[in-house]
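Next come the chains, spelled out residue by residue.
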Amino acid sequence: MKFNTKAIHAGQAPEKTTGAVMPPIFQTSTYVQSAPNEHQGYDYARVGNPTRTALEKLIAGLEGADECACFASGCAAMDAILKSLRPGDHVIATNDLYGGSYRLFTQVFEPYGIEFSFVDMTDTGNVREAIRSETKMIWIETPTNPLLRIVDISKIAEIAKKNSILSAVDNTFASPYLQRPLELGADIVMHSTTKYLGGHSDVIGGAVATSNQEVIENLRFQVKTTGGVPGPMDSYLVLRGIKTLHVRMDRSVKNAQTIADHLENHPQTDKVYYPGLESHPQHTLAKKQMSGFGGMLSFTLKEDTQESASRFMSRTKVFALAESLGGVESLISHPASMTHGSIPAEVRRKTGLKDSLIRVSVGIEDVDDLIEDLNQAF
Ligand SMILES: *Cc1c(COP(=O)(O)O)cnc(C)c1O
């Protein structure tokens, strides 16, 4: 089955009792048993819910995974993955990372004795050098947030395999429509379904997909034991959103390329970060590992100050100033003071995140209106 068909049908079947085409929202906390432990596959809704199962099967299908476990947020999904680690274990992570991931790693897991090395993964040699005997996981984010750098998933997955280390990819920015890390050799793929999978800025959710039996057992254990699960309504919203993923993504990618080309030629921009630009340092790699360059881009202003960025962002009318991304509406944000505010300024600057950097999540509006809005904001 091709992707666009899978997005609508993978793991889905009409509901048994009524033939409903869409899975109902099974709003229940528990399920009747005919005798102790005799039930139809569900006993208590922390452990499982049919609406959530339908979503998990769909995401597993899209990522080419045996199984998927869904969570109440992307952060809860990462939390569940990392809880398989033990004090003394070591993780190598991309240095240009989603701010919330950095906060989770350094402020929750580091105090529990798990060690992290943040490296520039655009040079895979840095990953090789950071490996220790205690290294248990390599955490990849690509394209990175907010600098849209591209990390070579197959190369790093190969390094990980050779050293018996698990490789995990945060695939939130690309979505499985544009990039499928498991097909490139990674062990685990994770999503904030809040973004492209949900696609309508109306739900918070997370997912992890894998074909590694040990990993899925740990995830199921975490679901049951720590219970960071999504409710049936939220599961339904993500499921509903995914059915148009390919159509939304196509338009976002097209709009983003047009805007990136336009901004690159604008006299008031300094640098434009978009993997679809030939000036992007990993343009060729992006072309190889992704089937499209995504709907996210960033740019800096000639006047590189937080004030000039704030001024610009307060003037846009179609682009809404907001955190988050991946919805049908275009959003604009300032990483240095918003999403990446929890990363210390000196760490931020060292990774190349400039003060005037503006991040754009390109929606599916008419691109002429988007460009006109940016032009008037300069
Ligand atoms: C938003 C996001 C997360 C966190 O997901 P939530 O659903 O907000 O908890 C993780 N990684 C990336 C790349 C994100 O954009």
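What counts, and at which threshold
Residues numbered from 1 in each chain as written. Predicted model: local features only at pLDDT ≥ 70, side-chain atom pairs only at ≥ 80, totals over all residues. Heavy atoms only, no water. Pairing = 2+ DSSP bridges. Helix = DSSP H or I, 4+ residues; strand = E, 2+ residues; numbered from the N terminus. Contact = heavy atoms within 4.5 Å. Axes fitted to C-alpha atoms, helices over the stretch in contact; angles between N-to-C directions. Salt bridge = Lys/Arg side-chain N within 4 Å of Asp/Glu carboxyl O. Buried < 20%, exposed > 50% of the residue type's maximum accessible area, 1.4 Å probe, protein only. 1 Å grid on protein atoms, 1.4 Å probe; cavity = no way out; pocket = protein on both sides within 12 Å on 5 of 7 lines; lining within 4 Å. Points joined across faces, edges and corners; volume = space filled by probe spheres on them. Nonpolar A, V, L, I, M, F, W, Y, C, P; charged D, E, K, R; others polar. Domains from an automatic or database assignment. Buried area = accessible area lost by both parts, 1.4 Å probe. Polar contact = N/O pair within 3.5 Å; in protein donor to acceptor, adjacent residues only side chain to side chain.

## Let's talk about the sheet that holds strand E8 (residues 269-273)
Reasoning step 1: Within the open sheet, the five strands sit side by side as E8-E9-E12-E11-E10. Their pairing is mixed. Sheet topology places E8 and strand E10 (320-321) at the edges, where each strand pairs with a single neighbour.
Reasoning step 2: Pairing geometry for strand E9 (residues 296-301) and strand E12 (residues 358-361), over four bridges, is antiparallel. Paired with Phe 299 across the bridge in E12 is Ile 358.
Reasoning step 3: The strands that helix H12 (residues 306-315) touches are E9, E10, strand E11 (331-333) and E12; relative to E9, the one it contacts most, it runs at about 125 degrees.

## Comments concerning the pattern of salt bridges
Reasoning step 1: For the coordinates displayed, the defined rule picks out 11 salt bridges.
Reasoning step 2: In this structure, Glu 67 and Arg 220 form a salt bridge, with 3.4 Å as the shortest nitrogen-oxygen distance. You can see Glu 67 sitting in strand E1 (residues 67-71) and its partner Arg 220 sitting in helix H8 (residues 213-225), a full 153 residues away along the chain.
Reasoning step 3: When its relative accessible area of 30% is taken as the criterion, Glu 67 is described as partly exposed.
Reasoning step 4: Residue Arg 220 is classed as partly exposed on the basis of its relative accessible area of 30%.
Reasoning step 5: The closest approach of N and O atoms between Arg 311 and Glu 303, which form a salt bridge, is 3.8 Å.
Reasoning step 6: It is possible to trace a salt-bridge network through shared partners that takes in Glu 56, Glu 67 and Arg 220.

## Details of the layout of surface pockets
Reasoning step 1: Estimates place the volume of the largest pocket at around 710 Å³.
Reasoning step 2: Lining the largest pocket are 20 residues, and of these Glu 15, Lys 16, Phe 26, Tyr 42 and Pro 50 lie nearest its centre.
Reasoning step 3: Grouping the constituent residues of the lining of the largest pocket by class yields 10 nonpolar, seven polar and three charged.
Reasoning step 4: Considered as a void within the structure, the second largest pocket measures approximately 410 Å³ in volume.
Reasoning step 5: Taken together, the elements giving at least two residues each to the lining of the second largest pocket come down to helix H3 (74-82), helix H4 (99-109) and strand E6 (188-192).
Reasoning step 6: No other element matches the four residues that H4 contributes to the lining of the second largest pocket.
Reasoning step 7: In the lining of the second largest pocket, the residues fall into nine nonpolar, 13 polar and six charged.
Reasoning step 8: Looking at the lining of the second largest pocket, you find at least three residues from each of domain 1 (3-242) and domain 2 (245-377).

## Things to note about H4
Owing to its 3.6 residues per turn, the α-helix brings residues three or four apart onto one side.
Reasoning step 1: Within H4, eight of the 11 residues are buried, leaving the element largely enclosed by the surrounding structure.
Reasoning step 2: Within the span of H4, buried status applies to Gly 99, Gly 100, Ser 101, Tyr 102, Leu 104, Phe 105, Thr 106 and Phe 109.
Reasoning step 3: Where H4 is buried, its residues touch H3, strand E2 (90-94), strand E3 (115-119), strand E4 (135-141), strand E5 (166-170) and helix H13 (345-350).

## Quick look at the domain arrangement of the chain
Reasoning step 1: Examined at the domain level, the chain breaks down into domain 1 (3-242) and domain 2 (245-377).
Reasoning step 2: Taking only C-alpha atoms, the centre of domain 1 and the centre of domain 2 are 25 Å apart.
Reasoning step 3: Contact with domain 1, which involves 41 residues of that partner, is made by 41 residues of domain 2.
Reasoning step 4: Per-residue buried area on domain 1 facing domain 2 is highest for Ile 150, Leu 178 and Tyr 196; these three make up 23% of the total on that side.
Reasoning step 5: Inspection of the region where domain 1 meets domain 2 yields 15 residue pairs in polar contact (both at pLDDT 80 or more).
Reasoning step 6: Considering only residue class, the side of domain 1 that touches domain 2 consists of 23 nonpolar, 14 polar and four charged.

## What about the sheet that holds E4?
Reasoning step 1: Ordered by their spatial adjacency, seven strands build an open sheet running E1-E7-E6-E5-E4-E2-E3, and the pairing between neighbours is mixed. Looking at which strands have only one partner, the edges of the open sheet turn out to be E1 and E3. Across this sheet, the average inter-strand angle for adjacent strands is 20 degrees, counted without regard to direction.
Reasoning step 2: For E2 and E4, the ladder comprises four bridges, and the chain directions are parallel. When the sheet's bridge partners are listed, Ala 93 is paired in E4 with Trp 139.
Reasoning step 3: Packing of H3 onto the sheet brings it into contact with E1, E2, E4, E6 and strand E7 (206-210), and relative to E6 it is tilted by some 155 degrees.
Reasoning step 4: Where H8 meets the sheet, it contacts E1, E5, E6 and E7, and its direction lies at approximately 30 degrees from that of E1.

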